[in-house]
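Below, each chain spelled out in residue letters.
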Amino acid sequence: MSYETILQELADRSLLRRLRSIDAVEGTRLELEKTSLTNFAGNDYLGLSQHPVVREAAIGAIDRFGLGAAASRLITGTLAPHKFLEEQLAAFKGTEAAISFSSGYAAAVGAITAIANRQDVVILDKLAHACLIDGARLSGAQLRIFPHNDLSKLREILEWANEHYPSAKIWIITESLFSMDGDYSPLSELVGLKDEYGANLFLDEAHATGVIGPGGKGLAAHWGLNQRIEVQMGTLSKALGGSGGFIASSRALIDLLINRARSFIFSTAPPPAIAAGASAALGIVQSAEGERLRDDLRRNIDYVRHGLRFSLDALPSPIIPLIIGDENAALEAAKQLQQDRFLVPAIRFPSVSRGSARLRLTLSARHSSEQIAALISSLQRVFPGS
Ligand SMILES: Cc1ncc(COP(=O)(O)O)c(C=O)c1O
């Protein structure tokens, strides 16, 4: 089949993507193809990508080390900003050690393929992010999927795994705050269950990092469970406002990743400026200013949920999905919102399952109440009855 035919088929099913250019970004506004829009699409939940202290830290590192890291860390060594960042990340997550990767995707794929192999069993939540699925597939382990957050089904799979693979290492892999549905995993129960069956937990806190828990330390810290989770993953690319991913765990597991994680070994280290910026962001996240930003974010979340007549959640989530179903209808809704000068993306297969297309609205501490009020009235026009 020609490339053109494949693309045409995607277009016929309302699944074709194209890139649009952004010419300027200022706070929560951006200029997309010559139109100024309020951005309700990003994951910069605390607005730290633009924070002056974060910018200055990155610029300082460029002045000191230049732009690129020039080689992988096993070839040349670890630059000071990476070392400092990883010490900070281990303290943030309450673990012996941490290691950073050039993206969250690389962290997931590199770590999962290093810790699981053909003799092992990996059990994934149905809504786990593509990088977790790809890592699990590439590891060659026996794969099982449990319906989203369904712990009774997970228990059945754990029983099956213990019976059929008694000597396997069993990994449960899930997220703490789900990227496309904006809900949290039932972490306390999940940890209890994995302990009962002698399994291990790999928890991706990409969206919860900076957003929830004391000092923004994530859902594991919110429930005081850090010490009972074998692998904690996070990204520097969402509330921390930069880019890159990390794994926090025991010293031995991190040393294993240094020796086995191919996306770490065979890839140039991330730019030192990124590590320095992330360190500054981590400092802010844990400070009184970080608390204030989380309060602002929560206020914005409650404002939108109240405005859309959704119930207010005990655990605030900055990701609010408005499920539409049909792919074309979701695209149409996003287009109408864009006419009102809001960027709210339509999320379609394969990012979500077929027929569950949606608008994915994400909030930042930096959105003003005027911007949110305007969005709510636009949504009420696009979805009468909301
Ligand atoms: C849950 C989850 N994990 C991992 C990633 C990958 O992180 P990164 O964008 O840093 O590669 C993302 C987002 O892209 C995500 O939503």
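Above this text sits the structure in question.
Please read all numbers here as calculations on a predicted model, not as lab measurements.

## Things to note about a nonpolar patch on the surface
At step 1: A cluster of nonpolar residues, Met1, Tyr3, Ile6, Leu7 and Leu16, forms a patch on the protein surface that exposes about 570 Å² of accessible area.
At step 2: Its place among the elements puts Ile6 in helix 1 (residues 3-12).

## Regarding the sheet that holds strand 8 (residues 200-204)
At step 1: Read across the sheet, seven strands follow the order 4-10-9-8-7-5-6 without closing on themselves; strand pairing throughout is mixed. Each edge of the open sheet is held by one strand with a lone partner, namely strand 4 (97-101) and strand 6 (142-146). Between one strand axis and the next, the sheet turns by 20° as a mean value, whatever way the strands run.
At step 2: Alignment of strand 5 (residues 121-125) against strand 7 (residues 170-175), held across four bridges, turns out to be parallel. What sits directly across from Val121, in strand 7, is Ile170.
At step 3: Where helix 7 (residues 151-164) meets the sheet, its contacts fall on strand 5, strand 6 and strand 7, and the angle it forms with strand 6 comes to roughly 160°.
At step 4: Each of strand 7 and strand 8 is contacted by helix 8 (residues 187-196), which is oriented at about 155° to strand 8, the strand it contacts most.

## Quick notes on the site of the ligand
At step 1: Lining the immediate surroundings of the ligand are 15 residues, of which Gly104, Asp204, His207, Ser237 and Lys238 lie closest.
At step 2: In the environment of the ligand, an oxygen atom lies 2.9 Å from a nitrogen or oxygen atom belonging to the backbone of Tyr105.
At step 3: Within the side chain of Lys238, an N or O atom sits 3.1 Å from an oxygen atom of the ligand.
At step 4: Contact with the protein chains hides 83% of the accessible area of the ligand, taken as 380 Å² for the molecule alone.
At step 5: Of all the elements in the fold, those that place two or more residues in the shell around the ligand are helix 5 (104-115) and strand 9 (231-235).
At step 6: Here the shell around the ligand is built from residues that sort into four nonpolar, eight polar and three charged.

## Overview of helix 13 (residues 288-307)
At step 1: In a regular helix each residue adds 1.5 Å, so 20 residues correspond to 28 Å; helix 13 covers 29 Å between its end C-alpha atoms and thus fits that length.
At step 2: Along helix 13, the residues that are buried comprise Gly290, Leu293, Arg294, Leu297, Asn300, Ile301, Val304, Arg305 and Gly307. Projection of helix 13 onto a plane perpendicular to its axis shows the buried side chains occupying an angular sector of 165°, all on one side. Away from the buried face of helix 13 by more than 90 degrees, exposed residues Ala288, Arg292, Asp295 and His306 are located.
At step 3: Where helix 13 is buried, its residues contact helix 12 (272-285), strand 11 (319-325), strand 14 (357-362) and helix 15 (369-382).
At step 4: Structurally, the start of helix 13 carries an N-cap: the backbone nitrogen of Glu289 is 3.2 Å from a side-chain oxygen of Ser287.
At step 5: Arg309 sits one or two residues past helix 13 and shows a positive phi near 55°.

## Quick notes on the packing of aromatic side chains
At step 1: Applying the stated rule across the entire model yields three aromatic pairs.
At step 2: A cation sits over an aromatic face here: Arg354 above Phe349, 3.9 Å from the ring centre.

## Topic: the pairing of strand 9
Consecutive side chains along a regular strand alternate between the two faces of the sheet.
At step 1: Of all the five residues making up strand 9, five are buried; the element is thus mostly covered by neighbouring parts of the structure.
At step 2: Neither face of strand 9 is exposed, since Val231, Met233 and Thr235 on one face and Gln232 and Gly234 on the opposite face are all buried.
At step 3: Bridge count for strand 8 against strand 9 is three bridges, and the pairing is parallel. In the strand pairing of strand 9, Phe202 is matched with Val231.
At step 4: Judged from the four bridges that link them, strand 9 and strand 10 (residues 245-249) form a sheet pairing that is antiparallel. Paired with Met233 across the strands is Ile247, a residue of strand 10.

## Here we look at unusual backbone geometry
At step 1: A cis amide bond, omega 5°, links Phe349 with the succeeding residue Pro350.
At step 2: Locating Pro350 in the fold gives a position in the loop between strand 13 (346-347) and strand 14.
At step 3: One non-glycine residue, Ser14, lies in the positive phi region at around 60°.
At step 4: Using a relative accessible area of 14% as the deciding quantity, one classes Ser14 as buried.

## Comments concerning the environment of Ala261
At step 1: Topologically, Ala261 is positioned in the loop between helix 10 (251-260) and helix 11 (262-265).
At step 2: Put simply, Ala261 and Val109 are 152 residues apart on the chain and 8.1 Å apart in space, counted from C-alpha to C-alpha.
At step 3: In this view, Ala261 contacts Phe101, Gly110, Ala111, Ala114 and Leu256; residues no more than four positions away in its chain are not counted.

## A look at the pairing of strand 6
At step 1: Sheet topology places strand 5 next to strand 6; five bridges connect them, and they run parallel. Across the sheet, Leu124 pairs through a bridge with Ile145, a residue of strand 6.
At step 2: For the handedness criterion, the β-α-β arrangement of strand 5, helix 6 (residues 130-139) and strand 6 is classed as right-handed.

How each quantity is defined
Residues numbered from 1 in each chain as written. Predicted model: local features only at pLDDT ≥ 70, side-chain atom pairs only at ≥ 80, totals over all residues. Heavy atoms only, no water. Patch = residues over 30% accessible without salt bridge, like charges linked within 9 Å, V, L, I, M, F, W, Y side chains within 5 Å. Areas by Shrake-Rupley, 256 points an atom, 1.4 Å probe, with all protein chains shown as cover. Salt bridge = Lys/Arg side-chain N within 4 Å of Asp/Glu carboxyl O. Helix = DSSP H or I, 4+ residues; strand = E, 2+ residues; numbered from the N terminus. Pairing = 2+ DSSP bridges. Axes fitted to C-alpha atoms, helices over the stretch in contact; angles between N-to-C directions. Contact = heavy atoms within 4.5 Å. Near = heavy atom within 4 Å. Polar contact = N/O pair within 3.5 Å; in protein donor to acceptor, adjacent residues only side chain to side chain. Nonpolar A, V, L, I, M, F, W, Y, C, P; charged D, E, K, R; others polar. Expected span 1.5 Å × (residues − 1). Buried < 20%, exposed > 50% of the residue type's maximum accessible area, 1.4 Å probe, protein only. Arc of directions from axis to C-beta. Phe/Tyr/Trp six-rings, centres within 6.5 Å; stacked < 30°, edge-to-face > 60°. Lys NZ or Arg CZ within 6 Å of the ring centre and 35° of its normal. Right-handed = clockwise from strand over helix to strand, strands pointing away.

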